[in-house]
Amino acid sequence: MKGFCRPAALAALAMALVGVLQTAAAADSPNATVVGTEPLLSDGARALQFREYEQGVRLTLEGLKLSVSRRERAAGLNNLCAGYAGLQRYDEALAACNEALTLNIARWRVFNNRALALLGKKQVAAARRDVEAGLAINPDSRSLKKVLKLVEIAEISPKITIAAVDSANPGR
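Residues numbered from 1 in each chain as written. Predicted model: local features only at pLDDT ≥ 70, side-chain atom pairs only at ≥ 80, totals over all residues. Heavy atoms only, no water.

A. Structural detail: the overall build of the chain. Per the secondary structure count, the chain includes 10 helices and two strands. Listing every helix and strand of the chain by position from the N terminus yields β-α-α-α-α-α-α-α-α-α-β-α. Residues counted as buried form 53% of the 172 residues belonging to the chain. (Helix = DSSP H or I, 4+ residues; strand = E, 2+ residues; numbered from the N terminus. Buried < 20%, exposed > 50% of the residue type's maximum accessible area, 1.4 Å probe, protein only.)

What follows is the structure, encoded as C-alpha cells:
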C-alpha cells in the first residue's frame, strides 16, 4: 500500500509492531523477558506475544497481585507496559514502564516499550532518549534498532509512509 498516512497514524503503526518486536526481542540478549514462576504472569506474557493485549493486560495485572520476587515484578510491569501500549493506552503504559524502571534500571526492554509508548504520545525526542538508553545496555538489540528506525522516521517527517514502517520491520 502506497501513500502517506496522517501523523496520528504513526502511533497506530508503531503499536502494531509491539507484538512483533516482543517476539523478536526474545533472541536479543541474556536480559531476556522473565516468564517467571507465577502462572498468571506467564500466561499474560504468552497472550501479549500473540498480540492478545486485553487478555495479556488482565492476566498480568492478576499475576502482579501475586508475584513476590522483585525480578518477576519488574518483568511483569514491563509486559504490562507493552500490553497497554498495544492497546494505545499510553499513559498507563508509561506508568507501568516507569514503575518497572524503579525496580531495575538496567532492563533494556522497558526502554524499548516506553519508547513505543512515547511515540504513541508523539513525544519523539523522549522516545529517542529511551532508545539510546536501551542501546547503551544492549547495543545488539534488534528490537531497539527497529524502534530507532521508527523514531528516525518520526523525526524526519510528521507524515509516515506505510512502506517506511514496513522497512523498519522487515520480517513482518
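B. Seen up close, the packing of helix α5 (residues 70-86) against helix α6 (residues 90-103). α6 packs onto α5 with a crossing angle of 160° between their chain directions and a minimal axis gap of 8 Å. Compared by their axis directions, α5 and α6 come out roughly antiparallel. When the axes of α5 and α6 are compared, the crossing they make is left-handed. Residues Arg70, Arg73, Ala74, Leu77, Asn78, Leu80, Cys81, Tyr84 and Ala85 of α5 form the contact with α6, whose own contacting residues are Tyr90, Glu92, Ala93, Ala96, Cys97, Glu99, Ala100, Thr102 and Leu103. (Axes fitted to C-alpha atoms, helices over the stretch in contact; angles between N-to-C directions. Parallel < 35°, antiparallel > 145°, perpendicular 65-115°, else oblique. Left-handed = near helix turned anticlockwise from the far one by under 90°. Contact = heavy atoms within 4.5 Å.)

C. Local environment of the packing of α5 against helix α7 (residues 108-120). In contact at an axis separation of 9 Å, α5 and α7 are set at 20° when each is read in the N-to-C sense. Here α5 is positioned roughly parallel relative to α7, judged by the angle of their axes. Every pair of crossing elements has a handedness; the one defined by α5 and α7 is left-handed. Where α5 abuts α7, its residues Asn78, Cys81 and Ala82 lie against Arg109, Val110, Asn113 and Arg114.

D. Molecular detail of the confidence of the model for the chain. Here the chain shows a mean pLDDT of 80. Residues at 70 or above account for 70%. Residue range residues 161-167 is modelled with pLDDT below 50. Its contacts to residues more than four positions away, or to other chains, number 14 contacts. (pLDDT = per-residue confidence, 0-100.)

E. Local environment of α7. In a regular helix each residue adds 1.5 Å, so 13 residues correspond to 18 Å; α7 covers 19 Å between its end C-alpha atoms and thus fits that length. Of all 13 residues that make up α7, 13 are buried, and the element is covered over most of its length. (Expected span 1.5 Å × (residues − 1).)

F. Summary view of the nonpolar core. Formed by 34 residues in total, the largest nonpolar core has its most connected members in Leu80, Ala93, Leu119, Ala127, Val131, Val147 and Val151. At the level of elements, α4 (53-66), α5, α6, α7, α8 (124-137) and α9 (142-156) are the ones that each hand at least two residues to this core. The contact partners of Val131, leaving out residues within four places of it in the chain, are Ala115, Leu144, Val147, Leu148 and Val151. (Core = buried A, V, L, I, M, F, W, Y, C linked by side-chain atoms within 4.5 Å.)

G. View of the pattern of salt bridges. Considering all chains together, one arrives at nine salt bridges under this definition. A salt bridge links Lys65 to Glu62; the shortest N-O distance between them is 3.1 Å. Of the two residues, Lys65 and Glu62 are both situated in helix α4; the distance of three residues between them amounts to about one turn of the helix. In this structure, Glu152 and Arg128 form a salt bridge, with 4.0 Å as the shortest nitrogen-oxygen distance. (Salt bridge = Lys/Arg side-chain N within 4 Å of Asp/Glu carboxyl O.)

H. Here's a closer look at unusual backbone geometry. Residues other than glycine seldom take positive phi values, yet Arg51 does so here, at roughly 60°. Tracing the backbone through its elements, the reader meets Arg51 in the loop between α3 (39-49) and α4. Classification of Arg51 by relative accessible area gives partly exposed; the value is 36%. The backbone of Lys122 sits at a positive phi, close to 65°, despite the residue not being glycine. Within the element layout of this structure, Lys122 appears in the loop between α7 and α8. The exposure class assigned to Lys122 is exposed, which follows from its relative accessible area of 52%.

I. Main features of the state of the cysteines. Across all of its chains, the model carries one disulfide by this definition. With a sulfur-sulfur separation of 1.9 Å, Cys81 is cross-linked through a disulfide to Cys97. The disulfide joining Cys81 to Cys97 has a torsion of about -75° about its S-S bond and is therefore left-handed. Of the two residues, Cys81 sits in helix α5 while Cys97 sits in helix α6, which places them 16 residues apart along the sequence. The exposure class of Cys81 is buried, given its relative accessible area of 0%. (Disulfide = S-S within 2.5 Å.)

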